[in-house]
Amino acid sequence: MTSMTSSGTAKPEPASVHDLDRALLRVENLSVVLGGAMVLDSVSLSLERGVVLGVVGANGSGKTTLLRAIAGLLDAGGTATFGSGRSVDAASGGSELRVLSHGERARMLAYMPQQAESHPFTVFEAVLMGRYPHLGRFALEGTRDRALAWEAMERTAITEFADRKLNTLSGGERQRVVLARVLVQQADLLLMDEPTASLDLRHQILTMDLVREEARKRNAGVIVVMHDLSLAARSCDRLVLLDGGRKVADGSPWEVLTPENLRTAFGVEGLVEPDPVTGRPHVLLLGSANSGRGEMVGTGRTVHLICGAGSGRELMHQARVAGYTVTAGVLGTGDSDREAAERLGLRYVSAPPFSAITDEQHSQHLALIGAADHVVLCPMAVGMNNVRNVEAALAAESLLVIEPGGTNTPEGGATVADFTGGRAIKLRRELVERAGQVPESAVLFELARLGG
Amino acid sequence: MAPVFGDSATGVPSGLAGPPSGSVLKRLGGGALLLGTATIVMFVVASAVGPFNIPISHTASTLLDLIGIGESTAEPTEQAIIQSIRLPRVFMAFLVGAALGISGGIMQGLFRNSMADPGIIGVSSGGATGAVIAIASGASAVSTLFLPLFAFVGSGIAMAVVFLIASVGGRFSMATLLLGGIAVGSFLGAITTAIIVLTDDLYVQRQIIFWIAGGVDTARWESVRIAAPIIVAGGLISVFVARDLNLLLVSEDEARSLGVRVTLVRNTLLVSASLITGAAVAFSGIIAFVGLIVPHVVRLVVGADHRVLLPLSALAGGLFLLIADTAARIVLSPAELRVGILTALIGAPFFIYLLVRNRSRASML
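Residues numbered from 1 in each chain as written. Chains lettered and ligands numbered in written order. Predicted model: local features only at pLDDT ≥ 70, side-chain atom pairs only at ≥ 80, totals over all residues.

**Points about the overall build of chain A**
Here comes step 1: Summing up its helical and strand segments, chain A has 17 helices and 19 strands in all.
Here comes step 2: A burial count over chain A gives 50% of its 452 residues as buried.
Here comes step 3: Expressed as a percentage of contacts within chain A between residues at least 6 apart in sequence, the contacts between residues at least 24 apart total 66%. (Helix = DSSP H or I, 4+ residues; strand = E, 2+ residues; numbered from the N terminus. Buried ≥ 20, exposed ≤ 12 C-beta atoms within 10 Å, placed from the backbone. Contact = placed C-beta atoms within 7 Å.)

**Some thoughts on the interface of chain A and chain B**
Here comes step 1: Counting residues at the interface gives 41 residues for chain A, matched by 38 residues for chain B.
Here comes step 2: The set of elements that each furnish at least two residues to the side of chain A that touches chain B consists of helix 4 (102-108), helix 5 (123-128), helix 6 (143-155) and helix 8 (201-217) of chain A.
Here comes step 3: The leading source of residues in the side of chain A that touches chain B is helix 6 of chain A, at 7 residues.

**Remarks on the pairing of strand 13 (residues 281-288) of chain A**
All names here are of chain A.
Here comes step 1: Sheet topology places strand 12 (residues 268-274) next to strand 13; 7 bridges connect them, and they run antiparallel. In the sheet register, Glu273 faces strand 13, and the bridge partner there is His282.
Here comes step 2: The antiparallel pairing of strand 12 with strand 13 creates a hairpin that spans 6 residues between the two strands, and Gly279 there sits at a positive phi of about 75°. (Pairing = 2+ DSSP bridges.)

**Remarks on the domain arrangement of chain A**
All names here are of chain A.
Here comes step 1: With domains assigned, chain A is organised as domain 1 (5-285) and domain 2 (302-450).
Here comes step 2: Elements with a minimum of two residues in the side of domain 1 that touches domain 2: helix 11 (259-266) and strand 12.
Here comes step 3: The element best represented in the side of domain 1 that touches domain 2 is strand 12, accounting for 5 residues.
Here comes step 4: Partitioned by chemical class, the residues of the side of domain 1 that touches domain 2 number 5 nonpolar, 2 polar and 3 charged. (Domains from an automatic or database assignment. Nonpolar A, V, L, I, M, F, W, Y, C, P; charged D, E, K, R; others polar.)

**Some thoughts on the environment of Pro311 of chain B**
Residues and elements named next belong to chain B.
Here comes step 1: Structurally, the position occupied by Pro311 is in helix 14 (residues 306-331).
Here comes step 2: For Pro311, a count of 25 C-beta atoms within 10 Å gives the class buried.
Here comes step 3: The sequence separation of Pro311 and Leu178 amounts to 133 residues, and the corresponding C-alpha distance is 24 Å.
Here comes step 4: If we skip the residues at most four places from it in the chain, Pro311 touches Leu28, Ala32 and Val239.

**Comments concerning the confidence of the model for chain B**
Residues and elements named next belong to chain B.
Here comes step 1: When pLDDT is averaged along chain B, the result is 88; 93% of the residues meet or exceed 70.
Here comes step 2: This model gives residues 1-14 a pLDDT under 50, and the stretch forms 22 contacts once residues within four places in sequence are excluded.
Here comes step 3: For this predicted complex, the interface score ipTM comes out at 0.84, alongside a pTM of 0.80. (pLDDT = per-residue confidence, 0-100.)

Listed below in structure tokens is the structure:
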């Protein structure tokens, strides 16, 4: 072996690159077929420098495959363009990163696999391996490489294990070793597959803070696969939701983490509310739509929802998961709440579209209200056709009035839309005086409290 | 670097103040110095002892004379014995030991298993079958080079077959390579045994068993000149890709994403380890346990970095076989024990000792 030592290759300063073209990675129609199955189906996304992009989705939704395809570890159709560089079409059967030389690719992207590795190298040796792409064929790691490795180990708090062999460490400690190696690689694009999977709570937060710092300070782009949705919402600038190999949502955590998306992509009922500290979405899991109906809070109790135009849809699902028998009224044909009630097989009073509630419907409605243990008035818009729904709420013995305002935004709206010339507002104010108001995310808690 | 894990939040002081010392060069240099010195001493000792003992001073001066320093003080007979009998044998013992040590280290790294030995993919069995065919067919009697040639060709064919088995369907698999090697090895072992059993000629049978037992006593300069380039070239190539082997041992995906040409590196290492082993087997027969134990022990001492492990395994293997071969000459003097028997006799108990002592980490690398 030759003894030439390398002082390591300096990376371009962030300032010189980020102004020209902030897009770091553009993925178009990336598809992967594994064992005859379409594991990834025409996924397109783009990533800018300095952004942490979270990839969320259920098991088998294609998260790891997406990461591996971008890393060039799989045969993929479609294109992945790096920076403003060359692009390669799908016909060549590979993503752009695959045609880059091995060395170029390794300097551009760092990949952190899901499985924590186990081998007989020491922690320091394992971290130092991240310098590989920066070393010439016969070069040995120099002082600078060793200093960089040490710094990364300090950042991930593994210096005390420096001389321990990796196969003597715990899973979480090993994961931090791999994290240090990823940092030491100083790549522009970090691809991380569940970097927090085996970490304790404190190290989960610290790891994600480190990842964010890499994005901010070095202007790197990060794509991180995560299972903990609240942690993802807390740490990522943007989220991409995969379901069955397809991208079904892409946007801010508030846009992606909706109860609707939780239901369709994960098959769970959940509440999404602002985290009291960060203001970012916090996901509270209620259960799965088909989880065992043992002794739930709502077992044996009936909740009646006065709703319309989608204002009660989420609550119908959530209350059912909590074990309540749910009824609703009065819902016009074509109303999205009516469709939801129909789909869930609820008892409800229906009315023809765009017509005022008749006496008969009203009395049916009052019967459902009378039979319910609790009544919830949703913040639907009120017009002349459905104003009797609000009147019916006066008959309720145990009433909850939901605060107006979107479910998924931290800032609450002002009032409900009123097309009755003030009558609905007045009625509502009367009801609020009697029963008080609760935010939608608190309804289930209130119901549980009322139920004793 | 703001968020630091081991910060004041826990107050845990880190164990070390800076990067650990002991770079690759230091460890390699230290090990090489130690093993190199011992090897030079053993070269002198091994050239001196045997059925005809030559005084150490005579041996040393003769060896120095050969490399152009001073004048030999030995008798002409002693000089002749050293030059044409002892020295080629000493060189061959060192070469074969080095070959087995380094290729064992490569195979253990590639298979991520410290139970792997140089013959794991059927190379040794192929060599034995080739050699047995050469002896049984009488080819070995025609020219002394036919035996190693047949053995080397046998190794090559076995390796190629196992490679083909592992590559069936276009996807190369290390697991299939391992199992294919075991299967092909058993198959070839059966052929070898069948030839021994079916041979009427007792002398031929004896020759075969003698060869299989393994030894370097028949080495001549001619065989050293053939074996050395193969073993040295294969060894150098392996050391050049030792860093890639490190990453391969960590994980194939990570190696690939760090820029390692995984397939190229793996094939290069498999082929060079097999060629090295094939050359060693061709000129020495089956010498057990060296390729298994030497890298294992070296790893315990210097760690798993193959840039250090492979060169030092070669030196340690060479030194070990040199000592074993010298001992084989002495223990039953004036008769000789086959060195392959001796290495297994020493190696197996020592290996058991290691297994018991390091029970927790003995199973896998």
